[in-house]
Amino acid sequence: MPTSTARGEATRELLVSTALRLFREIGYEKTTMRAIATAANVSTGSAYYYFASKDDLVHELYRSLQEEHRTLALPLLREGQNLGELLKIVLNTGIDVMGPYHDFGSNFIGIAIKPSATTSPFGSESAVARARAISLFRQAVLMSRPQPPLAIRDDLPELLWYAYMGVTLFWVYDASPGQARTRRLIDQAAPLISKLVILSRLPVVRKIVEDIVQLIRGIRQ
């Protein structure tokens, strides 16, 4: 017989999967906590016991997407490829897993940019999911050949994650069929980033890249 903890976790997972299904099927705005509870066949009170609002469910979406992204991307990464090719894989698989949620992407951004939002990918509540996402870029950096210069190697995964956030924002507002413009952006930007990383061995470019690294280190504090 399942324990109360197991039943509680099962109910929580049911609410999350139901909410995500409703987000896809009827959109974020039309999805209410009552609708989620009804579709999951649980009481509204039980739904609020596990999640204070549907914004909290968006946070669960962010976390689950990071795990799905890793599961899809990691088997495709091959050691010895150049960074541009590896970066294309990571960015394109990220868009793949977000694809079903494009219609409410702007809602997600609107929620995430609130100063008090627990759903923000930059917030403390998202630290674990963010670290998991950055570790995927770290894996790509470690597998790449030639290796990036040692001076920026440790910070590069986080820089690439910030670039990924920029691509995500572009994707949210990309109204082209299948978000084809975002795919073209990835295909063109990834090799350019790779070239810039390699060129950072040159004194002039290295100084610019090091300044960017220092900027990122500063805003962490």
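It should be noted that the structure appears before, not after, this text.
Everything quoted here is computed from the prediction, not taken from an experiment.

1. Topic: the environment of Gln 139
Okay, so step 1: Among the secondary structure elements, Gln 139 is positioned in helix α7 (residues 127-143).
Okay, so step 2: Relative accessible area serves as the criterion here: at 30%, Gln 139 is assigned to the partly exposed category.
Okay, so step 3: Separated by 60 residues in sequence, Gln 139 and Glu 79 have C-alpha atoms that sit 9.4 Å apart.
Okay, so step 4: Beyond its immediate chain neighbours, meaning those up to four positions away, Gln 139 contacts Leu 74 and Leu 77.

2. Side note on the packing of helix α5 (residues 83-98) against helix α10 (residues 180-199)
Okay, so step 1: As a packed pair, α5 and α10 sit with axes 8 Å apart at the nearest point and diverge in direction by 150°. Crossing of α5 against α10: the hand is right-handed. Of α10, the residues touching α5 (which contributes Leu 83, Gly 84, Leu 87, Lys 88, Leu 91, Asn 92, Ile 95 and Asp 96) are Thr 182, Arg 183, Ile 186, Asp 187, Ala 190, Pro 191, Ile 193, Ser 194 and Val 197.
Okay, so step 2: Across the contact of α5 with α10, the residue classes tally to nine nonpolar, four polar and four charged.

3. Thoughts on the side chain of Asn 92
Okay, so step 1: Looking at the element boundaries, Asn 92 is found in helix α5.
Okay, so step 2: Residue Asn 92 is classed as buried on the basis of its relative accessible area, which comes to 17%.
Okay, so step 3: In this structure the side chain of Asn 92 is engaged in a polar contact, spanning 3.0 Å, whose partner is the side chain of Arg 183.
Okay, so step 4: Residues in contact with Asn 92, not counting those within four places in the same chain, are Arg 183, Ile 186 and Asp 187.

4. A word on unusual backbone geometry
Okay, so step 1: In this structure, the amide linkage connecting Arg 145 to the following residue, Pro 146, adopts the cis form with an omega of 0°.
Okay, so step 2: Residue Asn 41 is not a glycine yet carries a positive backbone phi of 60°.
Okay, so step 3: As for its placement among the helices and strands, Asn 41 is situated in the loop between α2 (33-40) and α3 (44-50).
Okay, so step 4: The phi torsion at Gln 179 lies on the positive side, around 55°, for a residue other than glycine.
Okay, so step 5: Along the chain, Gln 179 turns up in the loop between α9 (156-172) and α10.

5. Comments concerning helix α4 (residues 54-73)
Three or four residues apart is the spacing at which side chains of an α-helix point the same way, because the helix has 3.6 residues per turn.
Okay, so step 1: With 20 residues, α4 ought to run about 28 Å at 1.5 Å a step, and its terminal C-alpha atoms sit 28 Å apart, in line with that.
Okay, so step 2: Listed in full, the buried residues belonging to α4 are Lys 54, Leu 57, Val 58, His 59, Glu 60, Leu 61, Tyr 62, Leu 65, Gln 66, His 69, Arg 70 and Ala 73.

6. As for the packing of aromatic side chains
Okay, so step 1: Within this structure, the stated rule accounts for three aromatic pairs.
Okay, so step 2: Note on Tyr 49 and Tyr 50: the rings are 5.0 Å apart at their centroids and 90° apart in plane angle, and the pair reads as edge-to-face.
Okay, so step 3: Where Phe 137 meets Tyr 164, the ring centres are 5.7 Å apart and the plane angle is 50°; that geometry is what we call tilted. With a gap of 27 residues between them, Phe 137 in helix α7 and Tyr 164 in helix α9 connect regions that are remote in the sequence.
Okay, so step 4: On the accessibility criterion, Phe 137 (1% relative accessible area) is buried.

7. Details of the pattern of salt bridges
Okay, so step 1: Applying the stated criterion to the full structure yields five salt bridges.
Okay, so step 2: Residue Glu 25 pairs with Arg 21 through a salt bridge whose shortest N-O separation is 3.3 Å. Placement of both Glu 25 and Arg 21 in helix α1 (residues 4-26) is noted, with a separation of four residues, approximately one turn of the helix.
Okay, so step 3: Owing to a relative accessible area of 52%, Glu 25 belongs among the exposed residues under this scheme.
Okay, so step 4: Owing to a relative accessible area of 31%, Arg 21 belongs among the partly exposed residues under this scheme.
Okay, so step 5: Among the ionic pairs, Glu 67 bridges to Arg 132, the shortest N-O distance being 3.0 Å. Within this pair, whereas Glu 67 is found in helix α4, its partner Arg 132 is found in helix α7, the two being separated by 65 residues in sequence.
Okay, so step 6: Overall, the relative accessible area of 30% leaves Glu 67 in the partly exposed class.

Rules used throughout
- Residues numbered from 1 in each chain as written.
- Predicted model: local features only at pLDDT ≥ 70, side-chain atom pairs only at ≥ 80, totals over all residues.
- Heavy atoms only, no water.
- Helix = DSSP H or I, 4+ residues; strand = E, 2+ residues; numbered from the N terminus.
- Buried < 20%, exposed > 50% of the residue type's maximum accessible area, 1.4 Å probe, protein only.
- Contact = heavy atoms within 4.5 Å.
- Axes fitted to C-alpha atoms, helices over the stretch in contact; angles between N-to-C directions.
- Left-handed = near helix turned anticlockwise from the far one by under 90°.
- Nonpolar A, V, L, I, M, F, W, Y, C, P; charged D, E, K, R; others polar.
- Polar contact = N/O pair within 3.5 Å; in protein donor to acceptor, adjacent residues only side chain to side chain.
- Expected span 1.5 Å × (residues − 1).
- Phe/Tyr/Trp six-rings, centres within 6.5 Å; stacked < 30°, edge-to-face > 60°.
- Salt bridge = Lys/Arg side-chain N within 4 Å of Asp/Glu carboxyl O.

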